[in-house]
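Spelled out, the chains give:
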Amino acid sequence: MDNYLSSYLDRRMKLMIDDWQLSTTADIRDLSQRYRKVKQDLDSLKTFERESHDRMDRMEERIRALQEQMK
């Protein structure tokens with residue numbers, strides 16, 4: 001009986017995974033890789049945002065200085 005049940009489950013595993021919407025090891029691995037990529041992208045975006053903010057501050061200072069010179 002155990003062999004029969006094991007054989008049945010082995011044959012039907014893909015269908016069971018799909019029907020029950022279970023995650024496989026490959027799904028979890030893929031999700032982990034995608035998470036690491038998003039985290040790296042987020043770090044890059046934070047750096048870009050910080051650098052852009054600094055540049056905007058410097059440009060605004062130069063604009064104010066030019067406006068003062070034109071008075």
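To start, this report covers the structure provided alongside it. (Residues numbered from 1 in each chain as written. Predicted model: local features only at pLDDT ≥ 70, side-chain atom pairs only at ≥ 80, totals over all residues. Heavy atoms only, no water.)

**Structural notes on the overall build of the protein chain**
Helix and strand counts for the protein chain come out as two helices and zero strands. Relative to the compact-globule value of 11 Å for 71 residues, the protein chain shows a C-alpha radius of gyration of 28 Å, a clear excess of over 25%. With respect to the principal axes defined by its C-alpha atoms, the protein chain has extents near 95 × 15 × 10 Å. Accessible area for the protein chain stands at about 7,200 Å²; split by element, carbon and sulfur atoms hold 55% of it. (Helix = DSSP H or I, 4+ residues; strand = E, 2+ residues; numbered from the N terminus. Rg over C-alpha atoms; globule rule 2.2 N^0.38 Å. Areas by Shrake-Rupley, 256 points an atom, 1.4 Å probe, with all protein chains shown as cover.)

**Here's the deal with unusual backbone geometry**
Of note in this structure, glutamine 21 is not a glycine but carries a positive phi near 55°. Locating glutamine 21 in the fold gives a position in the loop between helix H1 (2–20) and helix H2 (25–70).

**What to know about H1**
The first and last C-alpha atoms of H1 sit only 23 Å apart over 19 residues, clearly below the 27 Å expected at 1.5 Å per residue. Along H1, the sharpest kink reaches roughly 60°, centred on arginine 12. Glutamine 21 sits one or two positions beyond H1 and adopts a positive phi of about 55°. (Expected span 1.5 Å × (residues − 1). Bend = angle between axes of the 7 residues up to and from the residue.)

This is a description of form; function is not addressed.
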